[in-house]
Amino acid sequence: MLKIRLYSVIAVAHKDCNIVAEFIINKDDDIFKGHFPGQPVLPGACMLQILKEMTEAALNKKIRLKKADQMKFLALIDPSVNNTLKLDISYVLTEDDFKINAVMSSQSGPCFKFRGSFIVLKP
Amino acid sequence: MIADILALIPQKPPFVMIDKLLECDEKKAVTSFCIAPDNVMVSDCEFTEGGLMENVAQTAAAGAAYNTRDSDDRIGGYIVQVKNFEIFALPKVNDMLTTTVEKVGRMFDMSMILGTVSCNNVLLAKCEMSIFEGK
């Protein structure tokens, strides 16, 4: 899990298949020593995991990505400049999966857009 | 083929998600990666979706760097877009991944690749990725 080590949640609101979360990136996480040395950038891979972890926490379910139809990485996030991020998730639950549209943004605008589906894992 | 992967890619520990470049030419790159238990993209003993995506991106970066190893240009590599990223199963700690990236197009500083990740000849994930290779 990246929660706690890489980010901490400030606020979450969950209503009518919409989750809105605000969180702070820990700029001192070791991940930034390697991505990249002297030039910290929040990895796209971590944005995807934050989306998954936030969804799991809000739904209280364990999920796994089935298919990301499209993910766009629109801006580089340097955590020493922009460390407060917002995530807007809207989802539709179907019988065997659920579809998600999500946008992560900083004060400067969107940095990550996601459209795809996850499966719910049996406990 | 190339043991010192750190000389090729811009990522450094703890965010290195490939071990060795096994094969490489202008069209294709193949890497191997053994998932260490303390890898930052491991959660509940599984290598996560994001880890697989990064593994594909770093395979592409290693291939691009190998092909331009004689030039002075140090190329960056930012993922711009990922499409049709399908996951069939997540690998476990200590699994050995084999990742293949095929170059399917190039436009300005952008490379389009197809990536597949397998473990013991079982396909785990595949995706299409656009990577910015400018500076």
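How each quantity is defined
Residues numbered from 1 in each chain as written. Chains lettered and ligands numbered in written order. Predicted model: local features only at pLDDT ≥ 70, side-chain atom pairs only at ≥ 80, totals over all residues. Heavy atoms only, no water. Helix = DSSP H or I, 4+ residues; strand = E, 2+ residues; numbered from the N terminus. Expected span 1.5 Å × (residues − 1). Pairing = 2+ DSSP bridges. Axes fitted to C-alpha atoms, helices over the stretch in contact; angles between N-to-C directions. Contact = heavy atoms within 4.5 Å. Buried area = accessible area lost by both parts, 1.4 Å probe. Salt bridge = Lys/Arg side-chain N within 4 Å of Asp/Glu carboxyl O.

Undergrad: Even after reading the chapter, I still don't get helix H2 (residues 44–59) of chain A, so can you show me in this structure?
TA: Along an α-helix, residues three or four apart share an orientation, since each turn contains 3.6 residues. The terminal C-alpha atoms of H2(A), which comprises 16 residues, lie 23 Å apart, in line with the 22 Å expected from a rise of 1.5 Å per residue. Two residues or fewer after H2(A) comes Asn60(A), characterised by a positive phi angle close to 55 degrees.

Undergrad: How should I be thinking about the sheet that holds strand E1 (residues 7–15) of chain A in this particular structure?
TA: Within a sheet, adjacent strands bond to each other through the backbone by hydrogen bonds, running parallel or antiparallel. Sheet architecture is open: 12 strands sit in the order E1(A)-E2(A)-E4(A)-E5(A)-E6(A)-E3(A)-E5(B)-E8(B)-E7(B)-E6(B)-E2(B)-E1(B), paired in antiparallel fashion. Every interior strand has two partners, whereas the edge strands, E1 of chain A together with strand E1 (20–24) of chain B, have only one. Ignoring strand direction, the axes of neighbouring strands in this sheet form an average angle of 20 degrees. Bridge count for strand E2 (residues 18–25) of chain A against strand E4 (residues 84–93) of chain A is seven bridges, and the pairing is antiparallel. Considered in E4(A), the bridge of Ala21(A) is made with Leu87(A). Across the face of the sheet, helix H1 (residues 49–67) of chain B comes into contact with strand E3 (63–73) of chain A together with E1, strand E2 (28–34), strand E5 (78–87), strand E6 (96–107), strand E7 (110–119) and strand E8 (122–132) of chain B while running at roughly 125 degrees to E5(B).

Undergrad: Where do I start with the interface of chain A and chain B in this structure?
TA: Many structure descriptions define interface size as the accessible area lost when the parts assemble. Listed per partner, the contact involves 32 residues of chain A and 30 residues of chain B. Roughly 2400 Å² of surface becomes buried between chain A and chain B when both sides are summed, with 58% attributable to carbon and sulfur atoms. Of all residues in chain A, the largest losses of buried area upon contact with chain B belong to Phe36(A), Arg64(A) and Phe73(A), amounting jointly to 20% of the total for that side. Applying the counting criterion to the chain A and chain B interface returns two salt bridges.

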